[in-house]
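Coordinates in review
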Amino acid sequence: MIEEKVFFSEKKAFADNEVLKMNGFEYEGNAALGMEKDGFYVLIKAEDKWFKQKDVVEALKDLKEVTGKEKEKVIKKFAELTENAGAGIALFD
């Protein structure tokens with residue numbers, strides 16, 4: 001089953017992590033998402049078992065998982081950004 005997890009990091013170092021890059025992820029700075037915390041929100045979609053792998057746990061150790069209402073808000077903001085980007089591209093087709 002695919003899970004959608006949100007993480008937060010004050011530093012952008014996660015962006016160069018090979019384990020995370022192999023799975024793929026989206027990230028945005030707090031300003032782009034309209035959030036107050038200074039840093040980056042990371043959205044990862046993967047199988048539940050992927051998140052439990054030892055190398056993945058290690059790769060995520062410096063990121064803080066976001067849950068509850070904050071997680072819902074971040075996922076909604078990512079969706080809005082994707083929709084807006086798609087609408088912008090459609091205008092120029």
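Quick look at the structure, then. Computed from a predicted structure; not experimentally measured.

Core analysis: the largest hydrophobic core is formed by 14 residues, its most contacted members being Phe 7, Leu 20, Ile 44, Trp 50, Phe 51 and Leu 60. Those elements that place two or more of their residues in this core are helix H1 (18-23), strand S3 (40-47), helix H3 (48-52) and helix H4 (54-59). Per-element tally for this core: the top contributor is S3, with 3 residues. Beyond its immediate stretch of four places on either side in the chain, Leu 20 contacts Phe 14, Phe 25, Ile 44, Trp 50, Ala 59, Leu 60 and Leu 63. Residues Leu 33, Met 35, Val 66 and Val 74 belong to the second largest nonpolar core, which totals 9 residues.

This brings us to the environment of Ala 32. Relative to the elements of secondary structure, Ala 32 occurs in helix H2 (residues 30-33). With relative accessibility at 42%, the residue Ala 32 sits in the partly exposed group. Remark: the alpha-carbon pair of Ala 32 and Ala 46, spanning 14 residues in sequence, is separated by 23 Å.

Conventions used here
Residues numbered from 1 in each chain as written. Predicted model: local features only at pLDDT ≥ 70, side-chain atom pairs only at ≥ 80, totals over all residues. Heavy atoms only, no water. Core = buried A, V, L, I, M, F, W, Y, C linked by side-chain atoms within 4.5 Å. Buried < 20%, exposed > 50% of the residue type's maximum accessible area, 1.4 Å probe, protein only. Helix = DSSP H or I, 4+ residues; strand = E, 2+ residues; numbered from the N terminus. Contact = heavy atoms within 4.5 Å.

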